[in-house]
Every structure is written in structure tokens, then in C-alpha cells.
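Below are the chains, spelled out letter by letter.
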Amino acid sequence: MTGNYNHVYRPITAGKEPDHSFSFEIEKKIPDLAIEVVFSSGSVRDLSKYKYLGVSEVWFWQNEEIKFYQLVDSQYVEIEISSQYFSFKLCY
């Protein structure tokens, strides 16, 4: 697993530093999962940056609620269960 660092992929000039990021099985430049804890900055608007980086799943924790987004056909789709990494279902 990787820790926090600023993920910048070249030649695309997009960069984003998540609160936590993880690569599974092997360490790589772009993580498999990025987690954002939203207090005063950051939001789902940041998904476009993660899309260009190719992060396959992004989680946002805000106002005591977590939302999962999975990259499908070059677009993020909100999902209820993190299907790639955990059996973790949203509780409303």
C-alpha cells in the first residue's frame, strides 16, 4: 500500500493530493483507491482530476456520510458498495 503523496501523471498535467491513497498488490505511481475527508476543501468536483489520473475508485467522507465513486468507461459512477476492494455497504 502507498501512503499520501501528490499524484502527478505525465504528460497530462493533473495533480491531486488525497487524504489517503492505496495501491493494492503492487506499488504503482497512480493509486487504486483515493480517499478524501472533506472539511473545508475538496469535493466531488475533484473527480475530474482523479479521472485524468486514472484512479479506479474514489471515496468522499463528508458530514458523517461516505460516498463511493468508481471509474467506469472514463466516467465516475456513484456506487453503494465498493465492488473492487471491500464489501462495505453505505448505511443511510
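A quick note: this is a predicted structure, and the numbers were derived from the prediction, not measured. (Residues numbered from 1 in each chain as written. Predicted model: local features only at pLDDT ≥ 70, side-chain atom pairs only at ≥ 80, totals over all residues. Heavy atoms only, no water.)

> Let's hear about the overall build of the chain: which residues, and what values?
Looking only at helices and strands, the chain has 1 helix and 7 strands in total. Reading the secondary structure of the chain in the N-to-C direction produces β-β-β-β-α-β-β-β. Across the chain, contacts joining residues at least 24 apart in sequence account for 31% of those joining residues at least 6 apart. Per element, the accessible surface of the chain, about 6100 Å² overall, is 51% carbon and sulfur. (Helix = DSSP H or I, 4+ residues; strand = E, 2+ residues; numbered from the N terminus. Contact = heavy atoms within 4.5 Å. Areas by Shrake-Rupley, 256 points an atom, 1.4 Å probe, with all protein chains shown as cover.)

> Give me the lowdown on the packing of aromatic side chains, citing residues and values where you can.
Summed over all chains, the structure comprises 3 aromatic pairs. Ring plane angle 20° and centroid distance 6.4 Å describe the contact between F22 and F24, whose orientation is recorded as stacked. Of the residues examined, F22 reaches a relative accessible area of 21% and is grouped as partly exposed. The ring of Y52 has K51 lying over it, and the distance from NZ or CZ to the ring centre is 5.0 Å. (Phe/Tyr/Trp six-rings, centres within 6.5 Å; stacked < 30°, edge-to-face > 60°. Buried < 20%, exposed > 50% of the residue type's maximum accessible area, 1.4 Å probe, protein only. Lys NZ or Arg CZ within 6 Å of the ring centre and 35° of its normal.)

> Can you tell me about the environment of H20, naming the residues and giving the values?
Within the fold, H20 resides in strand β3 (residues 20-22). H20 sits in the partly exposed class, given a relative accessible area of 40%.

> Talk me through the confidence of the model for the chain; I want residue IDs and the actual numbers.
In the predicted model, the chain carries a mean pLDDT of 78, and the fraction of residues at 70 or more is 68%. Mean pLDDT across the elements of the chain bottoms out in strand β1 (residues 7-9) (46) and peaks in strand β7 (residues 75-79) (95). (pLDDT = per-residue confidence, 0-100.)

> A description of the sheet that holds β3 should follow, citing residues and the corresponding values.
What the 5 strands build is an open sheet, ordered β3-β4-β5-β6-β7; its pairing is mixed. For this open sheet the edge positions go to β3 and β7, each flanked by a neighbour on one side alone. In this sheet, neighbouring strand axes are inclined to one another by 20° on average, regardless of whether the strands run parallel or antiparallel. Pairing of strand β6 (residues 65-72) with β7 involves 5 bridges; the strand directions are antiparallel. Counted as the bridge partner of Y69 is E78 from β7. (Pairing = 2+ DSSP bridges. Axes fitted to C-alpha atoms, helices over the stretch in contact; angles between N-to-C directions.)

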